[in-house]
Amino acid sequence: MSNKRDLKKDINYVLGDIIEAVYVWELTNAEKQTKESEAIIDEAIATFDELIARVNDRSVENKKAHFKAINNDLETKGRDLIEKINKLK
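Residues numbered from 1 in each chain as written. Predicted model: local features only at pLDDT ≥ 70, side-chain atom pairs only at ≥ 80, totals over all residues. Heavy atoms only, no water.

### Topic: helix α2 (residues 35–55)
Turning to step 1, where the next piece is worked out: Given a rise of 1.5 Å per residue, 21 residues ought to cover 30 Å, and the 30 Å separating the end C-alpha atoms of α2 matches this to within 8%.
Turning to step 2, where the next piece is worked out: Within the sequence span of α2, burial applies to Ser37, Ile40, Ile41, Ala44, Thr47, Leu51, Ile52 and Val55. Down the axis of α2, the sector holding all buried residues measures 125°, keeping them to one side. Residues of α2 that are exposed and angled more than 90 degrees away from the buried face: Lys35 and Asp42.
Turning to step 3, where the next piece is worked out: Against the buried residues of α2 lie α1 (4–28) and α3 (63–86). (Helix = DSSP H or I, 4+ residues; strand = E, 2+ residues; numbered from the N terminus. Expected span 1.5 Å × (residues − 1). Buried < 20%, exposed > 50% of the residue type's maximum accessible area, 1.4 Å probe, protein only. Arc of directions from axis to C-beta. Contact = heavy atoms within 4.5 Å.)

Pasting the structure below:
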């Protein structure tokens, strides 16, 4: 783990790319319902807010382990959101 700034950038890029992928899906599938896709966007935004709040938490004693856990959560939640995008009909 490099540092706090890089972790924040990673969170922003990963979740931003996921939201962009949902928008692309909506544009290519204009005739389909967007309830499910909007729910994915809402979940990505909530995940972003949660992870950034955890990064900014200053009460943590072991920062290295804390940031590693955040990075692992980003990877897990990112994969879950990508799977949901792939399942859109």
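### Brief notes about α3
Turning to step 1, where the next piece is worked out: Its 24 residues give α3 an end-to-end C-alpha distance of 34 Å, which sits within 8% of 34 Å, the value for a rise of 1.5 Å per residue.
Turning to step 2, where the next piece is worked out: Among the structural elements, α1 and α2 are those in contact with the buried residues of α3.

### Looking at the side chain of glutamate 26
Turning to step 1, where the next piece is worked out: Looking at the element boundaries, glutamate 26 is found in helix α1.
Turning to step 2, where the next piece is worked out: As a buried residue without a salt bridge, glutamate 26 has its nearest oppositely charged side chain in lysine 32, at a separation of 13 Å.
Turning to step 3, where the next piece is worked out: Of the polar contacts made by the side chain of glutamate 26, one reaches the side chain of serine 37; its length is 2.6 Å.
Turning to step 4, where the next piece is worked out: Ignoring any residue separated from it by four or fewer positions in sequence, one finds glutamate 26 in contact with Thr34, Ser37, Glu38 and Ile41. (Lys, Arg positive; Asp, Glu negative; His and termini not counted. Salt bridge = Lys/Arg side-chain N within 4 Å of Asp/Glu carboxyl O. Polar contact = N/O pair within 3.5 Å; in protein donor to acceptor, adjacent residues only side chain to side chain.)

### Concerning the pattern of salt bridges
Turning to step 1, where the next piece is worked out: This structure, assessed with the given rule, holds 5 salt bridges.
Turning to step 2, where the next piece is worked out: Taking the shortest distance from any N to any O, the salt bridge between arginine 54 and glutamate 50 comes out at 3.8 Å. Separated by 4 residues within a single helix, arginine 54 and glutamate 50 lie in helix α2, roughly one turn from each other.
Turning to step 3, where the next piece is worked out: For arginine 54, a relative accessible area of 23% corresponds to the partly exposed category.
Turning to step 4, where the next piece is worked out: Measuring nitrogen to oxygen at the nearest pair gives 2.5 Å for the salt bridge that ties arginine 54 to aspartate 73. Placement of the pair is arginine 54 in helix α2 and aspartate 73 in helix α3, with a sequence separation of 19 residues.
Turning to step 5, where the next piece is worked out: Its relative accessible area of 27% is what places aspartate 73 among the partly exposed residues.

Everything listed here is a matter of coordinates, which is why it stays silent on function.
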